[in-house]
Amino acid sequence: MKKLSKIIVKDIVVTFISKDGSDFLSLTDMAKSKNPEFPADVVKNWLKTRFTIDFMGIWEQMHNPNFNMVEFDQFKSQAGVNSFVLSPEKWIKSTGAIGLRSKSGRYGGGTFAHKDIAFEFASWISAEFKLYLIKEFQRLKAEENERLALGWDVKRQLTKINY
């Protein structure tokens, strides 16, 4: 089941998708806080740093048994060099990465990242942005859990009454 939600962080609407128990936040939306006209460039600049490549590689090794280490090592050796450019699509295609998802299109398109990776990206934007993002995300998740618990309790009460 795929569920699309939105949160507002420092006047930026950030879309996220919940699918199969994992949450993927839009890096494209977050990048608009730095460059509203060309958010994809912000994402590419973040992806080309050595720290980001290391972080992404470790995350993939922890969560993805099919991660292509040979391609990862190639990217790692190039990271930080001025001429090195890496798009989300190239990272995903070359390494078999599952932590990033990239979709083309005006509506619902952009680069989405697993929440672990998205929070790291938010740090790169600014510490303040990351803290507000985490706070708002946790608030929304707490609301969702309350609704689920309330729904379960109502069903239980109805069953009890019908019995």
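Conventions adopted
Residues numbered from 1 in each chain as written. Predicted model: local features only at pLDDT ≥ 70, side-chain atom pairs only at ≥ 80, totals over all residues. Heavy atoms only, no water. Helix = DSSP H or I, 4+ residues; strand = E, 2+ residues; numbered from the N terminus. Expected span 1.5 Å × (residues − 1). Buried < 20%, exposed > 50% of the residue type's maximum accessible area, 1.4 Å probe, protein only. Arc of directions from axis to C-beta. Core = buried A, V, L, I, M, F, W, Y, C linked by side-chain atoms within 4.5 Å. Salt bridge = Lys/Arg side-chain N within 4 Å of Asp/Glu carboxyl O. Pairing = 2+ DSSP bridges.

*Asks:* Before we go on, may I ask you to explain helix 3 (residues 50–63) in this structure?
*Replies:* In an α-helix there are 3.6 residues to a turn, and that puts residues three or four apart on one side. In this model helix 3 runs 20 Å from its N-terminal to its C-terminal C-alpha over 14 residues, within 8% of the 20 Å that 1.5 Å per residue would give. Restricting attention to buried positions, one finds in helix 3 the residues Thr 52, Ile 53, Met 56, Gly 57, Trp 59 and Glu 60. Taken end-on, helix 3 shows its buried residues confined to a sector of 165°, consistent with a single buried face. Residues Phe 51 and Met 62 are exposed on helix 3 and point more than 90 degrees away from its buried face.

*Asks:* For this particular structure, what's the right way to read the nonpolar core?
*Replies:* The tendency in soluble globular proteins is for nonpolar side chains to be buried side by side. Leu 27, Met 30, Trp 91 and Phe 121 are the most contacted members of the largest nonpolar core, which totals 36 residues. Put simply, the parts of the chain that give this core at least two residues each are strand 1 (2–9), strand 2 (12–19), helix 1 (27–31), helix 2 (39–47), helix 3, helix 4 (69–78), helix 6 (115–125) and helix 7 (127–162). No other element matches the six residues that helix 6 contributes to this core.

*Asks:* What should I look at first to understand the pattern of salt bridges in this one?
*Replies:* Pairs may arise between side chains of opposite charge once their charged atoms sit close together. For the coordinates displayed, the defined rule picks out seven salt bridges. For Lys 141, the salt bridge is made with Glu 144, and the minimal N-O distance between the two is 3.2 Å. One end of the pair, Lys 141, and the other, Glu 144, are both in helix 7, three residues apart, so they sit about a helical turn from each other.

*Asks:* Please clarify how unusual backbone geometry should be interpreted in this entry.
*Replies:* With the exception of glycine, most residues fall at negative phi, and the peptide bonds are largely trans. Phi is positive for Lys 10, close to 50°, though the residue is something other than glycine. One can find Lys 10 in the loop between strand 1 and strand 2. Of the residues examined, Lys 10 reaches a relative accessible area of 43% and is grouped as partly exposed. Located in the positive-phi region is Asp 20, a residue other than glycine, with phi close to 55°. With respect to the element layout, Asp 20 can be found in the loop between strand 2 and strand 3 (22–26). Looking at Asp 20, the relative accessible area reads 64%, which means it is exposed.

*Asks:* Would you explain the pairing of strand 5 (residues 110–114) in this entry?
*Replies:* Within a regular strand, side chains alternate between the sheet's two faces. Among the five residues of strand 5, five are classified as buried, and the element is accordingly described as predominantly covered. Sheet topology note: the strand 3/strand 5 ladder contains three bridges and is antiparallel. Note that in strand 5 the partner of Phe 24 across the bridge is His 114. Where strand 4 (residues 100–103) meets strand 5, four bridges bridge the pair, whose relative direction is antiparallel.

Shape is all these values report; function is a separate question.
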